[in-house]
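# Structural overview
One-letter residues, chain by chain:
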Amino acid sequence: MFNPNIDLNGKSILVTGSAGFIGSNLVRLLLKEYGDARIVGLDNMNDYYDVRLKEERLRSTEHPHYQFIKGNLADKELIEKLFTDYCFDVVVNLAAQAGVRYSITNPDAYIESNIIGFYNILEACRHHPVQHLVYASSSSVYGSNKKVPYSTDDKVDNPVSLYAATKKSNELLAHAYSKLYNIPSTGLRFFTVYGPGGRPDMAYFSFTNKLVNGETIKIFNYGNCRRDFTYVDDIVEGVRRVMQHAPEKEVGDDGLPVPPYAVYNIGNSHPENLLDFVTILQEELLRAGILPADYDFNAHKELVAMQPGDVPVTYADTTALERDFGFKPQTPLREGLRQFAQWYAGFYQKR
């Protein structure tokens, strides 16, 4: 197991996408664990989903050592100014346009945020050297791979969505900048992150909204999909541990830098069948009082074919994460969905 080579105490840390689901949870964890660190958050607060959720997350991260800045990752002048003003030691790039299906109808948003925005981060790290760049990739990069569980040693050259292609591009760009400019970087392939205060476009959240409104939920591939659901607390704990160990800088036989570059999966390593997932979700919604005890779930479910961009299974091989950081996500799906249902009841009852 790696020993930490970065002490986050007292460091200047940038978290992009800090009003997002994972970003806000990471900021809260860092403030709790490293109260003397100086944390800067960046988010454009776009309306891809209900901005009230982002505003609520911002309220939950208010702290004397946290500075939030509203801005666009694609604004190169802004990114340059932030790096000049704050001299970041560690950068965690979580800002991105998310969603597989949305990338089919709104591709421009993905190029702007996921390609141009990430390029701006890399250029800033080049001109203002950082100790470690950590960035979000995605399990989507595995595309239509047949081999499971998915390993970071697998080839991922066949993306089935623009979103996946942009995330794979991030990994390629990071590798090039690590090689050319000796920038320590670590990519993290997240697997279906869920939990309280999450994204409304994710299945567990959108299903809940539809059921509450008496609408029908569509279960793709006739329920024959499996997803490696990963609870958000496990994700941010994994990110925290990775932040503390940057890939070591080395010189190769040719006298040039060996890229200080790594990629890890962060997933629960326990794929759940979608029909089982829906059953657990229904039970927890009843338990939380979100739906009445006599709710007719069968009348509000429809089994449909696979959608473009989707894959039948996601399944993380986390061997490398366990070996190097002594950590493996393990929150059971029922426990995670129970926490979501309790949060949902409280958040929307207030409104």
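Residues numbered from 1 in each chain as written. Predicted model: local features only at pLDDT ≥ 70, side-chain atom pairs only at ≥ 80, totals over all residues. Heavy atoms only, no water.

## Some words on the overall build of the protein
Let me state the cut-off plainly: The numbering of helices and of strands both runs from the N terminus, where a helix is a DSSP run of H or I of at least 4 residues and a strand a run of E of at least 2. For the radius of gyration, the atom set is restricted to C-alpha positions; the globular benchmark scales as 2.2 Å times the number of residues to the power 0.38. Exposed residues in this analysis have more than 50% of their type's maximum accessible area, buried residues have under 20%, and partly exposed residues fall in between, with area computed by a 1.4 Å probe over protein chains only. Residue contacts are defined here by distance: any two heavy atoms, one from each residue, within 4.5 Å place the two residues in contact. Asp and Glu are treated as the negative residues and Lys and Arg as the positive ones, with His and the ends of the chain left uncounted. In this description, the location of a charge corresponds to atom NZ of lysine, CZ of arginine, CG of aspartate or CD of glutamate.
The helix and strand tally for the protein stands at 11 helices and 15 strands. Compactness check: the protein gives a C-alpha radius of gyration of 20 Å against a globular reference of 20 Å for 351 residues, within 12% of the reference. Principal-axis analysis of the C-alpha atoms gives the protein an extent of 70 × 45 × 40 Å. Expressed as a percentage of its 351 residues, the buried residues of the protein come to 55%. In the protein, of all internal contacts separated by at least 6 residues, the share reaching a separation of at least 24 is 84%. Across the protein, the 36 positively charged side chains and the 43 negatively charged ones have centroids separated by 2 Å.

## Considerations on the sheet that holds strand β6 (residues 185-190)
Rule in force here: Pairing between two strands is assigned when DSSP locates at least 2 bridges connecting them. Fitted lines through C-alpha atoms serve as axes, helices being fitted only where they are in contact, and the angles separating the N-to-C directions of these axes extend from 0 to 180 degrees.
Strand order in the open sheet formed by seven strands is β3-β2-β1-β4-β5-β6-β13, and the pairing between neighbours is parallel. Two strands bound the open sheet, and with one partner strand each, they are β3 (66-70) and β13 (261-266). The average angle at which neighbouring strand axes cross in this sheet is 15°, direction not considered. Pairing analysis gives four bridges linking strand β1 (residues 12-16) to strand β4 (residues 90-93), with the strands arranged parallel. Paired with Val15 across the strands is Val92, a residue of β4. The strands touched by helix α1 (residues 21-33) within the sheet are β1, β2 (38-43), β3, β4 and β6, with β1 carrying the most contacts at an inclination of about 160°. The strands that helix α3 (residues 76-86) touches are β1, β2, β3 and β4; relative to β2, the one it contacts most, it runs at about 175°.

## Notes on helix α11 (residues 333-349)
Spelled out, the test is: Any helix carries an expected span of 1.5 Å times its number of residues minus one.
Between its first and last C-alpha, α11 extends 24 Å over 17 residues, near the 24 Å set by a 1.5 Å rise per residue. Of all the positions in α11, only Leu333, Gly336, Leu337, Phe340, Ala341, Tyr344, Ala345 and Phe347 are classed as buried. Along its buried surface, α11 packs onto α2 (51-60), β7 (193-194), α7 (203-212), β10 (230-231), β14 (272-273) and α9 (274-287).

It is worth stressing that arrangement in space is one thing and function is another; only the former is reported here.
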